[in-house]
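Each chain is listed here by its residues.
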Amino acid sequence: MGTLAKYLQQEFKSKLNSEWICSDEFRILSPDLEKFLGYQPRADIMLQHTDGKRLWIEFEISRADPVANHVKFATAHIFQPQPKTDTFISMLSSHIAPGKRNLAASTILLMRHIGMSAFHTALLPQISPKEIKRLNHLPLPDITKENLNIKNEFERILAISETLVTTTDNRIHFAGDLYDVLLNLKSWNRDIATDRGREFWGKRNIIYFVFDPMTQKFAPSKFCAYISIQPTIQPYSTVYSHLNKKTEMTIDVYVNLDGSDSRFDGRRARLHLTKGLAMNAHQINEQSTIANIFYDWLNQHSDIITVHPKGAIILSPPSWFK
């Protein structure tokens with residue numbers, strides 16, 4: 001473990017309010033089961049609320065194989081099921097290679113499919129990979145001088161793990177990471193390409209759009225900021241029939257939710273994407289290259305989207321994102 005993880009353990013212990021107790025290197029399995037299995041899944045920190053809720057937090061800073069911890073916790077769940085009060089949360093720094101970040105995020109889906117409450121989110125998303133590497137090799141006293149905003153990290157954990165809205169078929173949460181945001185962008189463009197999707201969407205006045213530099217497509221930011229989780233299956237039940245249950249927002253779910261609950265809100269969505277996930281917001285006229293791409297894209301959707309008179313504002317991934 002590098003010094004950055006140790007620093008985070010120390011800071012969470014000292015900075016939390018009185019409603020939370022923080023323990024580090026928390027043992028998940030019983031000693032007998034650890035001995036039998038030959039491995040010891042330990043949460044980097046365990047946050048326990050006064051109401052009994054517990055959050056198992058893993059800091060994935062620069063691991064060659066960040067999925068290893070996910071697998072330890074998932075297989076431990078088979079032998080000793082996760083209590084209903086508990087939730088696993090993996091926090092992934094920008095220093096982890098994109099493919100490995102996405103693999104870790106996808107593994108969260110598998111953990112849910114075997115009955116676990118599990119989430120993933122960004123760790124210090126405002127900080128570049130190079131800077132994460134530097135911080136991780138500093139002595140602990142020197143990291144303290146960097147004045148990292150640990151309060152933001154704690155707030156992001158709570159934001160993405162809290163169920164915002166519950167419907168008959170889904171639980172709505174904030175997107176945990178850019179991985180979720182861009183999957184939602186793909187989902188919107190896929191759904192809107194169908195006659196049913198366009199009819200259901202109707203025509204909407206939009207000001208904030210998320211931009212994906214890789215596909216050079218856009219989608220409304222509010223649509224991109226939330227995920228839709230279907231109920232987890234019980235341990236040991238059949239997994240295969242549930243493998244199509246991903247968490248992307250869909251036009252069906254979005255339209256049914258929009259305007260029905262104040263927690264499903266465009267302003268909250270934008271603040272989560274910018275403050276929580278470090279996306280950059282720019283007026284469309286401030287970025288000529290993106291503006292050309294945007295107006296070409298908008299021409300294809302002029303029957304379903306009207307840009308707000310103030311002009312479009314584009315939310316882009318942070319500069320380190322590839």
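Scroll up for the structure.
Draft legend 1. Summary view of the environment of Tyr208. Within the secondary structure layout, Tyr208 lies in strand S9 (residues 208–212). Other than its neighbours up to four places away in sequence, Tyr208 contacts Ala219, Pro220, Ser221, Arg270 and Ile313. In this structure the side chain of Tyr208 is engaged in a polar contact, spanning 3.3 Å, whose partner is the side chain of Arg270.

Draft legend 2. Structural view of helix H8 (residues 178–192). Taking 1.5 Å per residue, 15 residues should reach 21 Å; H8 reaches 21 Å between its end C-alpha atoms and fits that length. Within H8, twelve of the 15 residues are buried, which leaves the element mostly enclosed by the surrounding structure. Burial in H8 covers these residues: Leu178, Tyr179, Asp180, Val181, Leu182, Asn184, Leu185, Ser187, Trp188, Asn189, Asp191 and Ile192.

Draft legend 3. Examining the sheet that holds strand S10 (residues 217–220) more closely. With mixed pairing, four strands are arranged side by side in an open sheet as S10-S9-S14-S12. A single partner strand is all that each edge strand has here, and the edge strands are S10 and strand S12 (280–283). Direction aside, neighbouring strands of the sheet carry axes that sit 30° apart on average. Strand direction decides the pairing type here: S9 and S10, joined by four bridges, are antiparallel. Bridging across to S10, Asp212 finds its partner in Lys217.

Draft legend 4. Highlighting the pairing of strand S14 (residues 313–316). Neither face of S14 is exposed, since Ile313 and Leu315 on one face and Ile314 and Ser316 on the opposite face are all buried. Where S12 meets S14, four bridges bridge the pair, whose relative direction is antiparallel. Paired with His282 across the strands is Ile314, a residue of S14.

Draft legend 5. Here's a closer look at a nonpolar patch on the surface. Where nonpolar side chains cluster on the molecular surface, the patch consists of Phe36, Ile78 and Phe79 and spans about 350 Å² of accessible area. Relative to the helices and strands, Ile78 is located in helix H3 (residues 67–79).

Draft legend 6. Quick look at the pattern of salt bridges. A complete count under the given rule lists 16 salt bridges for this structure. With a closest N to O distance of 2.6 Å, Asp86 and Arg54 form a salt bridge. In this pair, Asp86 sits in strand S4 (residues 86–92) while Arg54 sits in strand S3 (residues 54–60), placing the two residues 32 residues apart along the sequence. The pair formed by Asp86 and Arg54 is uniform in burial state, with each residue classed as buried.

Draft legend 7. Inspection of unusual backbone geometry at higher detail. A positive phi angle, near 50°, is found at Leu124, a position not held by glycine. Inspection of the secondary structure assignment puts Leu124 in the loop between strand S5 (118–122) and helix H5 (129–136). Phi at Ala278 is positive, roughly 65°, even though this residue is not glycine. One can find Ala278 in the loop between helix H12 (266–276) and S12.

Draft legend 8. A look at the packing of aromatic side chains. Enumeration over the complete set of coordinates arrives at 20 aromatic pairs. For the pair Phe223 and Tyr254, a centre-to-centre distance of 5.4 Å together with 40° between the ring planes defines the contact as tilted. Here Tyr254 lies in helix H11 (residues 251–257) and Phe223 lies in helix H10 (residues 221–224), a separation of 31 residues in the sequence. Residue classification places Phe223 among the buried residues on the basis of a relative accessible area of 0%. Under the relative-accessibility criterion, Tyr254 is labelled buried at 4%.

Draft legend 9. Molecular detail of the nonpolar core. With 79 residues, the main nonpolar core has Leu4, Phe12, Leu47, Trp188 and Trp201 as its most contacted residues. One finds Ile28, Ala43, Met111 and Ala118 within the second-largest nonpolar core, a separate group that totals eleven residues.

Draft legend 10. Structural view of the environment of Asn280. In this fold, Asn280 is placed in strand S12. It is 9.7 Å that separates the C-alpha atoms of Asn280 and Val210, two residues lying 70 residues apart in sequence. Each residue touching Asn280, except ones within four places of it in the same chain, is listed here: Ile314, Leu315, Ser316, Pro317, Pro318 and Ser319. A polar atom in the side chain of Asn280 sits 3.5 Å from the backbone oxygen of Pro317.

About the thresholds
Position numbers for residues start from 1 in each chain and track the written sequence from start to end. The model is predicted, so local features are restricted to residues of pLDDT at least 70 and side-chain atom pairs to those at 80 or more, both for listing and for counting; the totals for chains, interfaces and linings are taken over all residues. Only hydrogens and water are set aside when side-chain values are computed; all heavy atoms of the structure are taken into account. Only DSSP runs of H or I covering at least 4 residues are called helices, and only runs of E covering at least 2 are called strands; the numbering of each starts at the N terminus. Only heavy atoms matter for contacts: two residues are in contact if any of them lie within 4.5 Å across the pair. A 3.5 Å cut-off defines polar contacts: any pair of N or O atoms within that distance qualifies, except that in protein one atom must be a possible hydrogen donor and the other a possible acceptor, and neighbouring residues in sequence count only when both atoms are side-chain atoms. The length a helix should cover is 1.5 Å for every residue beyond the first. In this scheme, a residue with accessible area under 20% of its type's maximum is buried, one over 50% is exposed, and one in between is partly exposed, where area comes from a 1.4 Å probe on protein chains only. Only strands joined by at least two bridges in the DSSP assignment are considered to pair. For helices, the fitted line uses only the C-alpha atoms of the stretch in contact; every axis is such a line through C-alpha atoms, and the angle between N-to-C directions lies from 0 to 180 degrees. Candidates for patches are residues over 30% relative accessible area with no salt bridge; among them, like charges are joined within 9 Å and nonpolar side chains (Val, Leu, Ile, Met, Phe, Trp, Tyr) within 5 Å. We get accessible surface area from the Shrake-Rupley algorithm with a probe of 1.4 Å; when it comes to residues, only the shown protein chains can shield them. Whenever Lys or Arg places a side-chain nitrogen within 4 Å of a carboxyl oxygen from Asp or Glu, that contact is recorded as a salt bridge. Pairs were defined over the aromatic rings of Phe, Tyr and Trp, the Trp ring being its six-membered one, requiring ring centres within 6.5 Å. Orientation was assigned from the angle between planes: stacked under 30 degrees, edge-to-face over 60, tilted for the rest. The term nonpolar core refers to a set of buried residues drawn from Ala, Val, Leu, Ile, Met, Phe, Trp, Tyr and Cys, joined through side-chain atoms within 4.5 Å.

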